[in-house]
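# Structural overview
The lines below spell out each chain.
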Amino acid sequence: MRADLKLIEPWVAPGSRVLDLGCGDGTLMDYLQREKSVVGYGLEINPDYIEECVRKGVNVIEQDLDEDRLHSFRDQTFDTVIMTQALQAVRRPDRALTEMLRLGREGIVTFPNFGYWRLRLHQLWNGRMPMSSTLPHTWYNTPNIHLCTVRDFEALCQEHRIRIKDRTVVDNAHRSRWYNRLWPNFLGQIAVYRVTR
Amino acid sequence: MAAESQAADSVGIVEPQSLHFPEPIRLESGHTLPEFNLVFETYGTLNADASNAVLICHALSGHHHAAGYHSREDRKPGWWDACIGPGKPIDTNKFFVVCPNNLGGCHGSTGPASENPDTGRPYGPDFPVITVRDWVKSQARLADRLGIDQWAAVIGGSLGGMQALDWAIHYPERIRHAVVIAATPRLTAQNIAFNEVARRAITSDPEFHEGRYLENNAIPQRGLMLARMVGHITYLSDVSMGEKFGRELRDHAYHFGFDVEFQVESYLQYQGVRFSESFDANTYLLMTRALDYFDPAREFGNDLTRAMAEARCRFLVLSFSSDWRFAPEHSQKLVNAMVDARRDVSYAEIDSDWGHDAFLVPNERYESLFRAYMNRVAKEHGDAG
């Protein structure tokens, strides 16, 4: 089982209504449907991923997360809205976050932590935009247009009066080591948050 | 063409069938048809527990001949041959496919050109106005007669998609999947306006004779032609017309007159004439009215979510980027209501320049996604033997 699924799973209630923003090939929804009997939908823009979801029997709705049309779903339609590794790729992460909590009671967000020490060192040492296994793109062709650190994200939550229920920081393989937790913003590669209003 | 009809992915030579329904059918308008016939075609084989049956609903000018050829000399296959056949999205190796001509049609099912048993003359304008709901009701009777309790899927594009939607809402136990393509949960004022132009073109033709043209040995051909021409424009897109015709002239010169000079004029006229020779004017009026009236939310306090909450099946909804007749936004509204009603639904907007007609035009992504969904449907009943 994919390690990030294992991280998210305990936060999703059995039989609940789930929306997965940027659901990719539907692996997470497929897993939650089978293990937690959730009723849910994935939103996705990539045609190949959409077809893969259909093949898996995952409900998938073609939708560009940068469009305002997310607004056409009614308030609090879902129990949990999930966004894995997509927050940094949308045009307005702040709006995406508030939209998540308009649509659902709880949000689960994962993103690459730009405060990770190797990334800091990379920039300090090379004087160039950091690249790593989590962030393999060059600055001019990266889909990750809004990278942030653990502290940035928490500041944003505070600004929007969003409550952080849980936080985990993990390494690239979604493993949580004691040293990740020791100094999250410095030692965590991927941040996993559970937020609510 | 003999060679083509024997292509490995064609259903080959097919023969229409007809069934008589002696029981009266009460229509949404309050009128009753004392009896009726439905003509239909089937492809593939019904499995032992009748769980692999798929209903294809046709659109405005469609009919029961959806796939294959009627003879070896037949030049063109059925209207949805691109999607129905062995190995095609609606795989006849897996599904038993049924496609009827709708009530009120002009291709063999009881319609305005049929004889009115009360008078012994053609129904003409006395044929009652038919709605999508009535079609679905008559299709349910057809299912009964064929021994099909539950369709694996009901599938349709445009007006056909509306029938699939109506099946889902009004016969929730009798359908497992609905595939709703290039449709809308209700027409807009602009849609109705185009339909009205088409109807006026027909009814204002002197040969229309208030709908009794058959008894007057006349055909309102000009009206039908105009109706088809205006309709056809709405089926295409600016881009597809531009690509197909541009500003091309028939003989490279302006003649400073009003005869056909541009290729697009010639094409529209050709389409119009061909249509007017094969389609019944009263049927055209009925079909466009059925479109106008379609609004499943209406009986649920104009709440589409409540309408969709009646459904039990899973949905695949598809729209096309350049479709301005039933634009993607209309499909999105439908999908939102389905999500709101907690229905299982997948939705995709297919990139195509072909406008509303795109649902009939081969397109790699469209066919691939459609096939993936139908394979999923087929898995539920196991492949048909």
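Going by the annotation in an unreviewed UniProt entry, the name recorded for chain B is Homoserine O-succinyltransferase, with Halovibrio salipaludis given as the source organism. Under Function (unreviewed entry), UniProt gives the following word-for-word description of chain B: "Transfers a succinyl group from succinyl-CoA to L-homoserine, forming succinyl-L-homoserine."

The name that an unreviewed UniProt entry assigns to chain A is Methionine biosynthesis protein MetW, with the source organism given as Halovibrio salipaludis.

### Re the overall build of chain B
Regarding its fold elements, chain B presents 11 helices and 12 strands. Over its C-alpha atoms chain B spans a radius of gyration of 21 Å, differing by no more than 12% from the 21 Å that the globule rule assigns to 385 residues. With respect to the principal axes defined by its C-alpha atoms, chain B has extents near 65 × 50 × 50 Å. Put simply, chain B has 385 residues, and 58% of those count as buried. Residue pairs at least 24 apart in sequence account for 71% of intrachain contacts in chain B once pairs closer than 6 positions are excluded.

### Digging into the interface of chain B and chain A
Between chain B and chain A, the contact holds 23 residues from the first and 20 residues from the second. The three residues of chain B that bury the most area against chain A are Asn336(B), Val339(B) and Arg365(B), which together make up 25% of that side's buried surface. Seen at the junction of chain B and chain A, the total is two salt bridges. Ionic pairing is found between Asp340(B) and Arg74(A), a salt bridge with its closest N-O pair at 2.7 Å. Our enumeration of links across chain B and chain A arrives at 15 residue pairs in polar contact (both at pLDDT 80 or more). Elements represented by at least two residues in the side of chain B that touches chain A include exactly α10 (328-340), β12 (345-350) and α11 (364-381) of chain B. Residues of the side of chain B that touches chain A, tallied by class, amount to nine nonpolar, five polar and nine charged.

### Points about the side chain of Ser276(B)
Mapped onto the elements, Ser276(B) comes out in helix α7 (residues 263-278). With residues near it in sequence (within four places) discarded, Ser276(B) still touches Ile219(B), Gln221(B), Leu224(B) and Met225(B).

### What to know about the UniProt feature "binding site: substrate" (unreviewed entry) in chain B
Residue and element names in this part refer to chain B. When the UniProt feature table is mapped onto this chain, "binding site: substrate" (unreviewed entry) is found at Arg228 and Asp357. Taken together, the annotated residues stretch across 130 residues yet fold into one region, lying no more than 13.8 Å apart by C-alpha. The class for Arg228 is buried, based on a relative accessible area of 11%. Those residues in contact with Arg228 that sit more than four places away from it in its chain are Ser61, Tyr235, Gln271, Gly272, Phe275 and Tyr284.

Rules of the game
Residues numbered from 1 in each chain as written. Chains lettered and ligands numbered in written order. Predicted model: local features only at pLDDT ≥ 70, side-chain atom pairs only at ≥ 80, totals over all residues. Heavy atoms only, no water. UniProt positions renumbered as here; feature names shortened; annotations may be inferred. Helix = DSSP H or I, 4+ residues; strand = E, 2+ residues; numbered from the N terminus. Rg over C-alpha atoms; globule rule 2.2 N^0.38 Å. Buried < 20%, exposed > 50% of the residue type's maximum accessible area, 1.4 Å probe, protein only. Contact = heavy atoms within 4.5 Å. Buried area = accessible area lost by both parts, 1.4 Å probe. Salt bridge = Lys/Arg side-chain N within 4 Å of Asp/Glu carboxyl O. Polar contact = N/O pair within 3.5 Å; in protein donor to acceptor, adjacent residues only side chain to side chain. Nonpolar A, V, L, I, M, F, W, Y, C, P; charged D, E, K, R; others polar.

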